[in-house]
Amino acid sequence: MSNLTGKIGLVTGAGSGIGRATAIELARQGATVTVTDIDERTAIETTEMIRTEGGEALTATVDIADEHSVRTAVERTVETYGGLDFAVNNAGMASHHRQLDRMTLDEFERVVQVNLSGTFLCMKHELPAMRSRGGGAIVNIASAGGLCAIPTAPAYVAAKHGVVGLTKVAAVDYAPAGIRVNAVCPGPTRTPGFEAVAATASTGTDLTAMQEAATPLGRLATPEEAAAAAVWLCSDAASYVTGIAMSVDGGGRRA
Ligand SMILES: NC(=O)c1ccc[n+]([C@@H]2O[C@H](COP(=O)([O-])OP(=O)(O)OC[C@H]3O[C@@H](n4cnc5c(N)ncnc54)[C@H](O)[C@@H]3O)[C@@H](O)[C@H]2O)c1
C-alpha cells in the first residue's frame, strides 16, 4: 500500500502534459484527486483515465487566474472528500519569445498573471484547507527558467523565479502548521504545451533538436519523469523536505 492511499489531492492544469501525468500517477498510488483545468474537456478526459484504472477523481473547471474558480474547486474538494492533503500547482502558460523591449505591458502582465499570480491564488486557498487538516504538502511546478535565464523569455522567467520565491517563503511560514511547500523545476519536457511552442518556432529552427543537443542526457524529459518528482514531494517519503526547488532537467544545460 502506498503512503498516498486515502490522501486527497488537487492538481491544476491536469488536462494535459505534466499535470495529467501527475494526476494519473497520484491516483495509481492510491490518492483521491480533484482534476482541474481551464479546459473542461481535457480535464474530464483525465478523470475518465483515472476512473478506468479504478481510481477516484472528480473534475473541476478552473482558471487559476480567477480567484472565485480556484476557491470553489478547493471548497468542492473539501465538501466532497472531507479535506485537502496535498496540491500540485502545475497550470501555466508559455510566452512568445521576444526580447523585453519588444514586449507589451499587456503581454508581460498576462504571463505573470497566470504563472505567478495564479500560483499565488491556488496557494492562498489550499493552505488554510491543509492547516485545518493539521498539515499537508504543496508542489509548485516552476521551470528550469525559475532558476536561470531563458533567452527571450523575460516574462516567463520572471514569473517562474517568482514561483520559486513564493515556494521558499511559504515553506518557512507554514512549516509550523505541518505543511511542506516545494517546487519542481522541469527542463524541456515533451508535452502538448512544448510541442505547441516548438511548432511556432521560426522557420528553420528545430527547437526539439536544439534542446536535446543542449541537455547532457541528450533528450527531452517525458511528462511522467517530471510528474514522478512532484508525486514524491507530495508523499511522506519526502517528509523532511521543504522549501526546495528540485531540478528535473537532464543535467541542466551544456555550457
Ligand atoms: N513542457 C516543458 O518543457 C516545461 C518545462 C518547464 C516547466 N514547465 C511547466 O510545467 C507546467 C505544465 O506544462 P506542460 O508542458 O505540461 O503544459 P501543457 O500546455 O501541456 O499543459 C498545461 C495545462 O494547463 C492548462 N492551463 C493553462 N492555463 C490555465 C489556467 N489559466 N488555468 C488553469 N489551467 C490552465 C492548459 O489547459 C493545459 O491543460 C507549466 O507550468 C509549465 O510552465 C513545462
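About the cut-offs
- Residues numbered from 1 in each chain as written.
- Predicted model: local features only at pLDDT ≥ 70, side-chain atom pairs only at ≥ 80, totals over all residues.
- Axes fitted to C-alpha atoms, helices over the stretch in contact; angles between N-to-C directions.
- Helix = DSSP H or I, 4+ residues; strand = E, 2+ residues; numbered from the N terminus.
- Parallel < 35°, antiparallel > 145°, perpendicular 65-115°, else oblique.
- Left-handed = near helix turned anticlockwise from the far one by under 90°.
- Contact = placed C-beta atoms within 7 Å.
- Near = placed C-beta within 6 Å.
- Nonpolar A, V, L, I, M, F, W, Y, C, P; charged D, E, K, R; others polar.
- Pairing = 2+ DSSP bridges.

**Student:** Tell me about the packing of helix α3 (residues 67-81) against helix α4 (residues 105-131), and please be specific about residues and values.
**Tutor:** Where α3 contacts α4, the axes come no closer than 9 Å and their chain directions differ by 25 degrees. The orientation of α3 with respect to α4, classified from their angle, is roughly parallel. Here the hand of the crossing between α3 and α4 comes out right-handed. Together, Glu67, Val70, Arg71, Val74 and Val78 of α3 and Leu121, Cys122, His125, Glu126 and Ala129 of α4 make up the contact between the two elements.

**Student:** How would you sum up the site of the ligand? Please name residues and give values.
**Tutor:** Neighbouring the ligand are 30 residues, the closest being Gly13, Gly17, Gly92, Thr191 and Gly193. Secondary structure elements with two or more residues in the shell around the ligand: α1 (17-28), α4 and α6 (192-199). Per-class residue counts for the shell around the ligand are 13 nonpolar, 14 polar and three charged.

**Student:** Lay out the sheet that holds strand β3 (residues 57-61) with the relevant residues and their values.
**Tutor:** Strand pairing in a sheet takes place through backbone hydrogen bonds and is either antiparallel or parallel in direction. Strand order in the open sheet made by the seven strands is β3-β2-β1-β4-β5-β6-β7, with parallel pairing throughout. Two strands close off the open sheet at either side, each with one partner strand: β3 and β7 (245-248). Here the strands of the sheet are splayed against their neighbours by 20 degrees on average, with no regard to which way each runs. Strand direction decides the pairing type here: strand β1 (residues 8-11) and strand β4 (residues 86-89), joined by three bridges, are parallel. Across the sheet, valine 11 pairs through a bridge with valine 88, a residue of β4.

**Student:** A description of the packing of α4 against helix α5 (residues 154-174) should follow, citing residues and the corresponding values.
**Tutor:** Where α4 meets α5, the axes come as close as 8 Å, and the angle between the chain directions of the two elements is 15 degrees. With respect to each other, α4 and α5 are oriented roughly parallel. The element α4 and its partner α5 pack so that their crossing is right-handed. Across from Glu107, Phe108, Val111, Val112, Asn115, Leu116, Thr119, Phe120, Met123 and Leu127 in α4, the residues of α5 making contact are Ala155, Tyr156, Ala158, Ala159, Lys160, Gly162, Val163, Leu166, Ala170 and Tyr174. Tallied by class, the residues present in the contact of α4 with α5 amount to 15 nonpolar, three polar and two charged.

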